Amino acid sequence: MSLLLGDTAPDFDAETTEGNISFHDWIGDDWVVFFSHPADFTPVCTTEIGYTAKLKDKLAARGAKAIVISADSLEDHKEWVKDVEETQGAKVEFPLIADPDKKIATLYNMIHPNADAKVTVRAVYVIDPKKKIRASIIYPPSAGRNFDEILRLIDSLQLTDGYKVATPVNWQDGEDVIIVPSVSNEDADKMFPKGYKTIKPYLRTTAQPNK
């Protein structure tokens, strides 16, 4: 069964490079970027893990953290992390889940048999502190992901959770946002004291309200 936005992220127990975890307990009160990579000791994955390691402080500033999975053994993970740190110039300080029997990957629909039945695709789930799946992204094994886009996505999710706004195309933190159509002009006057611009009755822009 496919996992849909708004579903509770399935819980599981796993061995990781940072010890055994129960996933929901590990999430705690944080946002989580849970992503899969096809295999250890592969070039694209090495760059992705290294870049994510460099994002530790940016993730932490958003109350977020990363966790990774592939169908490799714990021993392979530990050896490969050494290569990642050597070649990418960053210390890996987040857990890598060992899933050699693919049970967790299957639970999260990370195996796409018509793409490659032997490895996980490049799946990303953004999970909120309530353990709800808020976003998902799927890339083929041949294409490295844009992790700056994942940060932008978390910024948008956190902003729109707190205010009745949506973020427009290519939005970046600090830029103008869109007032959702369900908000009347009368309510918008109260909610957005900085004012707003009406382009069309359904398209009103305002300064980012938490800046």
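As the structure is a computational prediction, the values presented were derived from the model and not from experiment.

Asks: Give me the pattern of salt bridges: which residues, what numbers.
Replies: Under the defined criterion, the tally for this structure stands at 10 salt bridges. The shortest N-O distance in the salt bridge between arginine 134 and aspartate 128 comes to 3.2 Å. Here arginine 134 falls in the partly exposed class, since its relative accessible area comes to 23%. Each of Glu48, Arg122 and Arg145 takes part in one network of salt bridges that share partners.

Asks: Can you tell me about the sheet that holds strand β8 (residues 165–166), naming the residues and giving the values?
Replies: Across the sheet, which stays open at both edges, the four strands sit in the order β8-β9-β11-β10 with antiparallel pairing between neighbours. Strand pairing shows two members of the sheet lacking a second neighbour, β8 and β10 (196–200), which therefore form its edges.

Asks: Give me the lowdown on the UniProt feature "active site" (unreviewed entry) in the protein chain, citing residues and values where you can.
Replies: Mapped onto the present numbering, the UniProt feature "active site" (unreviewed entry) falls on Cys45. For cysteine 45, the position within the fold is in helix α2 (residues 43–54). In this structure cysteine 45 comes out as buried when scored by relative accessible area, which is 0%. Dropping the residues within four chain positions of it, cysteine 45 is found in contact with His37, Pro38, Ala39, Trp80 and Arg122.

Asks: Hey, could you go over the sheet that holds strand β7 (residues 133–139) for me, with residue numbers and the actual values?
Replies: Strand order in the open sheet formed by seven strands is β2-β1-β5-β4-β3-β6-β7, and the pairing between neighbours is mixed. Taken across any chain shown, the strands that pair with only one partner, and hence form the sheet edges, are β2 (19–22) and β7. The sheet shows a mean angle of 30° between the axes of neighbouring strands, taken without regard to direction. Direction of pairing for strand β3 (residues 31–36) relative to strand β4 (residues 64–70): parallel, over a ladder of six bridges. Bridge assignment links valine 32 to a residue of β4, and that residue is lysine 65.

Asks: Could you give an account of the packing of α2 against helix α4 (residues 74–88), with specific residues and numbers?
Replies: At their nearest, the axes of α2 and α4 sit 9 Å apart, and the two run at 70° to each other. In terms of axis orientation, α2 runs roughly perpendicular to α4. Counting all contacts with α2, which are made through Cys45, Thr46, Thr47, Ile49, Gly50 and Lys54, the residues of α4 involved are Trp80, Val84, Thr87 and Gln88. Class assignment for the residues of the contact of α2 with α4 results in four nonpolar, five polar and one charged.

Asks: Can you explain the domain arrangement of the protein chain? Please cite residues and give values.
Replies: In terms of domains, the protein chain is made up of domain 1 (7–146) and domain 2 (163–206). Placing the centre of domain 1 and that of domain 2 at their C-alpha centroids yields a distance of 35 Å.

Asks: Talk me through the nonpolar core; I want residue IDs and the actual numbers.
Replies: Counting residues in each nonpolar core, the largest one holds 26 residues, and the members touching the most others are Phe35, Ile49, Leu59, Val92 and Phe94. Elements supplying a minimum of two residues to this core: β3, α2, β4, α4, β6 (122–127) and α7 (147–162). Counting residues per element, this core draws most heavily on α7, which supplies five residues. Beyond its immediate sequence surroundings of up to four residues, leucine 59 is in contact with Val33, Ala64, Ala66, Leu151 and Ile154. Counting 23 residues, the second largest nonpolar core, distinct from the first, contains Phe12, Ala14, Ile97 and Tyr125.

Here is what the cut-offs are and how they apply
Residues numbered from 1 in each chain as written. Predicted model: local features only at pLDDT ≥ 70, side-chain atom pairs only at ≥ 80, totals over all residues. Heavy atoms only, no water. Salt bridge = Lys/Arg side-chain N within 4 Å of Asp/Glu carboxyl O. Buried < 20%, exposed > 50% of the residue type's maximum accessible area, 1.4 Å probe, protein only. Pairing = 2+ DSSP bridges. Helix = DSSP H or I, 4+ residues; strand = E, 2+ residues; numbered from the N terminus. UniProt positions renumbered as here; feature names shortened; annotations may be inferred. Contact = heavy atoms within 4.5 Å. Axes fitted to C-alpha atoms, helices over the stretch in contact; angles between N-to-C directions. Parallel < 35°, antiparallel > 145°, perpendicular 65-115°, else oblique. Nonpolar A, V, L, I, M, F, W, Y, C, P; charged D, E, K, R; others polar. Domains from an automatic or database assignment. Core = buried A, V, L, I, M, F, W, Y, C linked by side-chain atoms within 4.5 Å.

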